[in-house]
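Structural overview for review
One-letter residues, chain by chain:
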Amino acid sequence: MRILVCVKRVPAPGAKINVTTDGQAVETAHLGFTTSPHEECAVEEAVQITERMGGEVTVLTVGPAEAEEQLRYAASVGCHNLVLVPTDGLALDPQRTAAIITETVGGLEADGGGFDLILFGNESADSGGFQVGVRVAHALGRPIVNGIKGIDVEDDHIVARRAVDAGFEVYELPRPAVLGVKEGINLPRYPTMKGRLASKKAEMVSQPIDAENGGQVMVRLHRPAETVKETVMLGDSEEAAPAIVDLLEEIGVLQ
Amino acid sequence: MTLLVILEHDRGDLAEASREAMTAGRSLAEQMGDDLHAVLIGEGADHLTDEAAELGAQTVHVVTHDILTDYGPDAWAESVRQLADEIDAAAVLAVGTDRGNEVMAQLAARTDLPFVANCVSVDASDDEGWSMTRLQWGGSLLEDSTIEAERKLVSIGHHAVVASDALAPGAGTVEEFEPELDGSHAVTIIKDRAVLSQGVTLSTAPVVVSGGRGVGSADGFGILEELADLLSGRVGCSRAVTNNGWRPHADQVGQTGTRIAPEIYIATGISGAIQHWVGAMASKRILAINTDPEANMVAKADYAVIGDLHKIVPAVTAEIKRRKGST
């Protein structure tokens, strides 16, 4: 099995998210960075599949040079090959990002052979365009289904389960295929000390590739207007229980 | 020119979210000065044409083909692509559900046009370029964007507009359309389904009792389950809890979990990071129980109790039992 996972470096905000004064980006001066959550699970899924079936996992990111941190993290939990497409300072819209990834995949497959499976996160935690994976799959002429929370790899096809409100929809895709994965498909492991050490030595390929802009232009980011709420304090101990139950009765959820 | 709205249905059941798409579609069509068309795709949808007309559709396109037996992103998007060409649609709109965004992304990929997902407002007064505000970070941040494209593709964020009835129904002229599809479009059609739970789910529960890191352990959720059962509600949790393996991911409320909209959300031991908040913010009322008066969840809640959830939650359960026993 040759699996490719595409990941994105995103800030890890806490209780509030601030925007730079020019409105062009999230203020990250005091923030750490992480792998977008759905993609963290895509990495874990790929590693689990190759642990079961053999093969190797390549992780690709399109982003700033610092995204090396997310690639090394992926290596520390078991990924084999790391590829960075540095795009420092470029304003990437979804079409441009997809075109860059498509071209990069073409190069990787020409050099190392085709990928049996390509995994994306369902959507990125930050810009959340809901389309890059679909555009790449279409450009590569491969089927894709999003929202996947279960994958079974069979000899000539892949069974993928999409979570819906009360259960799953089951899809069956021919190989090679592309899937958009959602958090919850697995519980990502933490890196071991051995994994961390190995990840520092893992070879990372950096190859600048660019593409034309698409048709969407981001003008500015801003925070939604906050409705200031007066919180009604019902107490500071279990003595508040009657007041809480009064409230539940009042709004009709206690029959 | 026309605005084409994709109506989402599951084997003939119209998705509630499609009413939001038509509500947004009516105001957008008015801005554009264009006709509002709706499209229903595949088996079982033909009985929904009256409802589409009531929601304001002047024309309802019913798409049928042998392979359109169930939902499939390729088959649906290819059908919409051909129909949009046929009627020369100026724009195509869906609501930003999993399926809505997936079909729009497929449509965008097929036409190499920009697609703007999860808009909260759209200014379509200029034919050439539209400007819009869309959701980032699951709704914690807004992005103003513009697009220039011969056909505009947008989705409206789910819950971003309140669904309403049309002031006057549309003519609802039914037009049948049979696209040219082949086996390649059928590979992503649903093969099977598995039902895991019946009855009230986290996203539809009238009461959600949730726990965060403050619960302390998997066992600690026992008191939350007891309270949720008494209120015919469901137990939820924060991402920290699922990351610790205390609860299954299906219980997670948040940007990467489930978005809830209960009558009351009882959030215990949850600090309220933005990833959690965007999943909970549609709750009608929020009661926070937390030892930290400075917690974000407390600041954003309608009601709060500052204290130890391990004492307060059992006391609430006991009080409910006492009152039930006395009536």
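Keep in mind that what you see is a predicted model, and the values were worked out from it rather than measured. (Residues numbered from 1 in each chain as written. Chains lettered and ligands numbered in written order. Predicted model: local features only at pLDDT ≥ 70, side-chain atom pairs only at ≥ 80, totals over all residues. Heavy atoms only, no water.)

1. Description of the overall build of chain A
For clarity, the threshold we go by: Labels follow the DSSP assignment, with helices taken as runs of H or I lasting at least four residues and strands as runs of E lasting at least two, numbered in each case from the N terminus. The cut-offs for exposure are 20% and 50% of the maximum accessible area for each residue type, with area from a 1.4 Å probe on protein chains only; residues under the lower value are buried, those over the upper are exposed, and the others partly exposed. Note on definitions: a residue-residue contact is assigned when non-hydrogen atoms from the two residues lie within 4.5 Å.
If you tally the helices and strands in chain A, you get six helices and 13 strands. Principal-axis analysis of the C-alpha atoms places the extent of chain A at approximately 70 × 45 × 40 Å. With 255 residues in all, chain A has 53% of them scored as buried. Look at the contacts in chain A between residues 6 or more apart in sequence, and 70% of them connect residues 24 or more apart.

2. Section: the sheet that holds strand β7 (residues 115-123) of chain B
Worth spelling out the cut-off: For two strands to be treated as a pair, DSSP must find no fewer than two bridges joining them. Orientation is described by lines fitted to C-alpha atoms, with helices fitted over the stretch in contact, and by angles between N-to-C directions that extend from 0 to 180 degrees.
Within the open sheet, the ten strands sit side by side as β12(A)-β9(B)-β8(B)-β7(B)-β10(B)-β6(B)-β1(B)-β4(B)-β5(B)-β11(B). Their pairing is mixed. The two strands at the open ends of the sheet, each matched to only one other strand, are β12 (216-222) of chain A together with β11 (173-177) of chain B. Taken pair by pair, the neighbouring strands of this sheet meet at an average axis angle of 35°, ignoring direction. Sheet analysis places strand β6 (residues 89-95) of chain B next to strand β10 (residues 152-156) of chain B, joined by five bridges and oriented parallel.

3. Overview of the interface of chain B and chain A
Let me state the cut-off plainly: Buried area: the sum, over both parts, of the accessible surface (1.4 Å probe) that disappears when the two are put together. In the sections that follow, a salt bridge refers to a side-chain nitrogen of Lys or Arg positioned within 4 Å of a carboxyl oxygen of Asp or Glu.
Taken together, the contact pairs 87 residues of chain B with 79 residues of chain A. For the chain B and chain A pair, buried surface summed over both sides reaches about 6,800 Å², with 58% attributable to carbon and sulfur atoms. Among the residues chain B hides against chain A, the three largest losses belong to W137, D144 and R323 of chain B. Together they make up 10% of the total. Along the contact surface separating chain B from chain A lie eight salt bridges.

4. Focus: the packing of helix α4 (residues 132-140) of chain A against helix α4 (residues 98-111) of chain B
Counted only if it meets this: In these notes the angle categories are as follows: under 35 degrees is roughly parallel, over 145 is roughly antiparallel, 65 to 115 is roughly perpendicular, and the rest is oblique. It is the rotation of the near helix from the far one that decides the hand of a crossing: anticlockwise by less than a right angle makes it left-handed, clockwise makes it right-handed. Residues were grouped as follows: Ala, Val, Leu, Ile, Met, Phe, Trp, Tyr, Cys and Pro as nonpolar; Asp, Glu, Lys and Arg as charged; and all remaining residues, including Gly, as polar.
One can describe the packing of α4 of chain A onto α4 of chain B by two numbers: an axis separation of 9 Å at closest approach and a directional angle of 45°. When the axes of α4 of chain A and α4 of chain B are compared, the pair comes out oblique. Regarding α4 of chain A and α4 of chain B, the two cross each other, and that crossing is right-handed. Judged by residue contacts, V134, R135 and H138 of chain A of α4 of chain A engage A105, Q106, A108, A109 and R110 of chain B from α4 of chain B. Class assignment of the residues belonging to the contact of α4 of chain A with α4 of chain B gives a composition of four nonpolar, two polar and two charged.

5. Description of the state of the cysteines
All names here are of chain A. The line we're drawing: The rule for a disulfide is simple: a pair of cysteine sulfur atoms within 2.5 Å.
Enumeration according to the criterion identifies zero disulfides over all chains in this entry. For C6, which is in no disulfide, the shortest distance to another cysteine sulfur is to C79 and amounts to 12 Å. With relative accessibility at 5%, the residue C6 sits in the buried group. On the basis of relative accessibility, which here comes to 7%, the residue C79 falls in the buried class.

6. Observations concerning the packing of aromatic side chains
We apply this condition: Stacked, tilted and edge-to-face pairs are distinguished by plane angle, under 30 degrees for stacked and over 60 for edge-to-face with tilted covering the rest, among Phe, Tyr and Trp rings (Trp via its six-membered ring) whose centres lie within 6.5 Å. Note on geometry: a ring has a charge over it if NZ (lysine) or CZ (arginine) is within 6 Å of the ring centre and within 35 degrees of the ring normal.
Summed over the entire model, instances satisfying the criterion amount to one aromatic pair over all chains. Between Y71 of chain B and W76 of chain B, the ring centres sit 5.0 Å apart and the planes meet at 70°, which makes this aromatic pair edge-to-face. Exposure remark for Y71 of chain B: the relative accessible area of 1% places this residue in the buried category. Against the face of F33 of chain A rests R9 of chain A, its NZ or CZ located 3.9 Å from the ring centre. Taking the ring centre of Y71 of chain B as reference, the NZ or CZ of R99 of chain B above it sits at 4.2 Å.

7. A short note on unusual backbone geometry
Of the consecutive residues R175 of chain A and P176 of chain A, the connecting peptide bond is found in the cis state with omega at 0°. As for its placement among the helices and strands, P176 of chain A is situated in the loop between β9 (167-174) and β10 (177-181). In this structure, D88 of chain B takes a positive phi of about 55° despite not being glycine. With respect to the element layout, D88 of chain B can be found in the loop between α3 (73-86) and β6.

8. So, the domain arrangement of chain B
Residues and elements named next belong to chain B. Convention followed: Note: domain ranges come from an automatic or database domain assignment.
The domains assigned to chain B are domain 1 (2-186) and domain 2 (207-326). The centre of domain 1, based on its C-alpha atoms, is set 36 Å off from the matching centre of domain 2. Contacts between the two partners involve four residues from domain 1, matched on the other side by five residues from domain 2. With both chains or domains summed, domain 1 and domain 2 bury close to 390 Å², and 59% of this area falls on carbon and sulfur atoms. When the buried surface of domain 1 facing domain 2 is broken down by residue, W137, G138 and S140 rank first, second and third, together holding 81% of it.

9. A word on the nonpolar core
The tendency in soluble globular proteins is for nonpolar side chains to be buried as a group. Applied cut-off: Within this scheme, the nonpolar core is defined by two criteria: the residues are buried Ala, Val, Leu, Ile, Met, Phe, Trp, Tyr or Cys, and they are joined through side-chain atoms within 4.5 Å.
Residues V5, L119, I151 and L179 of chain A together with L4 and V92 of chain B are the most contacted members of the largest nonpolar core, which totals 90 residues. Beyond its immediate sequence surroundings of up to four residues, V92 of chain B is in contact with L3, L4, I6, V80, A84, M104, L107, R151, K152, L153 and V154 of chain B.

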